[in-house]
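# Inside the fold
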Amino acid sequence: MNRKTDIVVVGSGLAGMSAALTAAQSGKKVTLLTHGAGTLAISSGCIDVLGYLNGVRVADPFESMATLPAEHPYSLIGGAETVREAIDWLKSVCRKGGIDMAHAAEEGNHTLITVMGTLKPSYLCPDSFNPDCLKDVHRAAVVTVENMKDVHPGLIIDQLHRYAELSDKEFMEAVLPCPIEHAHRNITPLDIARHVETPEGMKWLEKSLMPYAKLYPVLLLPPICGMKHSQQIWNQLCSALKVKIIEMVSIPPGVAGLRMRDVLKKALNAAGVYMVESAEVVRAEVEEGRCKTVHTLTASGEDAWEADSFIIATGGLLSGGISTAPGKAWESIFQLSLDAPADTEAWSSPDIFGSSFFASMGVKVNHELKPLNGEGNVCLDNVRFAGRVLGGYDFAAEKSGNGVALATGRYAGMLAGKE
Ligand SMILES: Cc1cc2nc3c(=O)[nH]c(=O)nc-3n(C[C@H](O)[C@H](O)[C@H](O)COP(=O)(O)OP(=O)(O)OC[C@H]3O[C@@H](n4cnc5c(N)ncnc54)[C@H](O)[C@@H]3O)c2cc1C
């Protein structure tokens, strides 16, 4: 079957969903093809814009953007102004979907608290993760749920006390009884967050937190304050218990990433985007430097999708956007070569956050996010790339993952929407 739309977007991570929604909001008919859920679904749902530059923590991510190399995705799309616009846009999409996102009170990044007891810089987070209220208090309880995997208050407190800014705080361990009987495995914050969506789950959480709320002005919780109604649930708990609640960033599955993905999926649906899930793009037909169709493989067979333009937001190695074999690396759909050093040993650096091919491999693009060949010329005129499939940056070392995905996805959607 051959179907035609204005724009086909491939990938439903933050980059693909931002691109598809932006293009649809500009009046285009958009189809979104996706194989899996992307890393947003397992991430914290916080938007890291730029946390570190050359290993040094940045004070203001937008000011620091001006010093990034020319091939960095932020530099290519116009820097701070474009990124700020994308952030404001995402905030408004989330607000409409029921999640309020918070900037740091002062210029610069938040210092989020993780369930590993580490502090993590991030620019934008859901209100419930905003740690600012901890600055004004001396005492807080660190809460877990009996049998919860990977959330251990004793460990969290020991780790937090290593930070100078928290060393004088008095933290107390709190373990809530497990509300899920006969769990066949250790429970995760996601299990509890889903339970808290039910009336009995909400009642359980409020009642279990009550004794600690009487003793401590701030409660640090794993992300368990609901799923679809998390903002309402968090507001309701804070006001019923008369405390400030801070949700901590959990390891995957990061509940807040799923909350945001749910909001974006609803927005895509409302904007008329035709989303096809479990559809893997396996090949593309290209004629004279233009992509004509991409082909998907689903349980029901192969389909061809024709469009005027295409946005490829297929992620990195983890999501399948990039493929590798000894001595070579390539973009998976169009087989664009990624200039890998022939000696695979040279791909990595002994320093885990050191600069290396492995950390920043991806498609080279121009300022319109169109791919470039070895001579630096555009090789696919109606195709744009966005998000982690792009080269020229190292999201893990910089802490810029969702920031680049959002800003380049939005930018690709805006450019395609104007054509
Ligand atoms: C565990 C983890 C936690 C993270 N936490 C944070 C965080 O807290 N803050 C932050 O800012 N960043 C975080 N990051 C980084 C950030 O999540 C990513 O850099 C960013 O979300 C990448 O988004 P993307 O849309 O480009 O790619 P992805 O999210 O990887 O999405 C790629 C999409 O393309 C689809 N796809 C791939 N190939 C095909 C194909 N052939 N056909 C159809 N579909 C295809 C995939 O199924 C997926 O839907 C985290 C990353 C990981 C792995």
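The paragraphs below set out a description of the structure included in this document.

Cut-offs and rules
Residues numbered from 1 in each chain as written. Predicted model: local features only at pLDDT ≥ 70, side-chain atom pairs only at ≥ 80, totals over all residues. Heavy atoms only, no water. Phe/Tyr/Trp six-rings, centres within 6.5 Å; stacked < 30°, edge-to-face > 60°. Helix = DSSP H or I, 4+ residues; strand = E, 2+ residues; numbered from the N terminus. Buried < 20%, exposed > 50% of the residue type's maximum accessible area, 1.4 Å probe, protein only. Lys NZ or Arg CZ within 6 Å of the ring centre and 35° of its normal. Near = heavy atom within 4 Å. Polar contact = N/O pair within 3.5 Å; in protein donor to acceptor, adjacent residues only side chain to side chain. Areas by Shrake-Rupley, 256 points an atom, 1.4 Å probe, with all protein chains shown as cover. 1 Å grid on protein atoms, 1.4 Å probe; cavity = no way out; pocket = protein on both sides within 12 Å on 5 of 7 lines; lining within 4 Å. Points joined across faces, edges and corners; volume = space filled by probe spheres on them. Nonpolar A, V, L, I, M, F, W, Y, C, P; charged D, E, K, R; others polar. Contact = heavy atoms within 4.5 Å. Pairing = 2+ DSSP bridges. Right-handed = clockwise from strand over helix to strand, strands pointing away.

Summed over the entire model, instances satisfying the criterion amount to four aromatic pairs. The interplanar angle of 75 degrees and the centroid separation of 6.3 Å between the aromatic rings of F334 and F385 together place this pair among those described as edge-to-face. Of this pair, F334 sits in the loop between strand 18 (328–331) and helix 10 (357–360) while F385 sits in strand 19 (residues 383–385), and the two are 51 residues apart along the sequence. Ring geometry for W347 against F357: centres 5.1 Å apart, planes inclined by 65 degrees, an arrangement best described as edge-to-face. Pair noted here: W347 is in the loop between strand 18 and helix 10 and F357 is in helix 10, with a separation of ten residues, a long-range link. Taken individually, W347 and F357 each receive the classification buried, so the pair is uniform in this respect. Just above the ring of Y393 sits the side chain of R388; from NZ or CZ to the centre is 5.9 Å.

This next bit is on the site of the ligand. In the vicinity of the ligand, 33 residues are found, and the nearest of them are G36, T39, S44, S319 and R388. Contact between the ligand and D48: an oxygen atom at 3.0 Å from a main-chain N or O atom of the residue. The contact in question runs from a nitrogen atom of the ligand to an N or O atom on the backbone of V281, over 2.8 Å. Here the ligand has 1000 Å² of accessible area as a free molecule, and 90% of this is covered by the chains. Considering each element in turn, the shell around the ligand owes the most residues, three residues, to helix 12 (residues 401–418).

It is worth spelling out the layout of surface pockets at this point. Looking at the second largest pocket, its volume works out to about 520 Å³. Contributions of two or more residues to the lining of the second largest pocket are made by strand 3 (52–53), helix 10 and helix 11 (395–398). It is helix 11 that contributes the most residues to the lining of the second largest pocket, three residues altogether. Of the residues assigned to the lining of the second largest pocket, the class counts are nine nonpolar, nine polar and four charged.

With that settled, the discussion passes to the environment of A340. Note on placement: A340 falls in the loop between strand 18 and helix 10. A sequence separation of 218 residues divides A340 from S122, and the C-alpha atoms of the two residues are 31 Å apart. If near-sequence neighbours (up to four positions away) are discounted, A340 is found in contact with G327, K328, A329, W347 and F357.

What follows is about the pairing of strand 12 (residues 244–247). Note: strand 11 (residues 218–221) against strand 12, four bridges, orientation parallel. Of the residues in strand 12, the one forming a bridge with V218 is K244. Read from strand 11 through helix 8 (residues 230–241) to strand 12, the crossover connection turns out right-handed.

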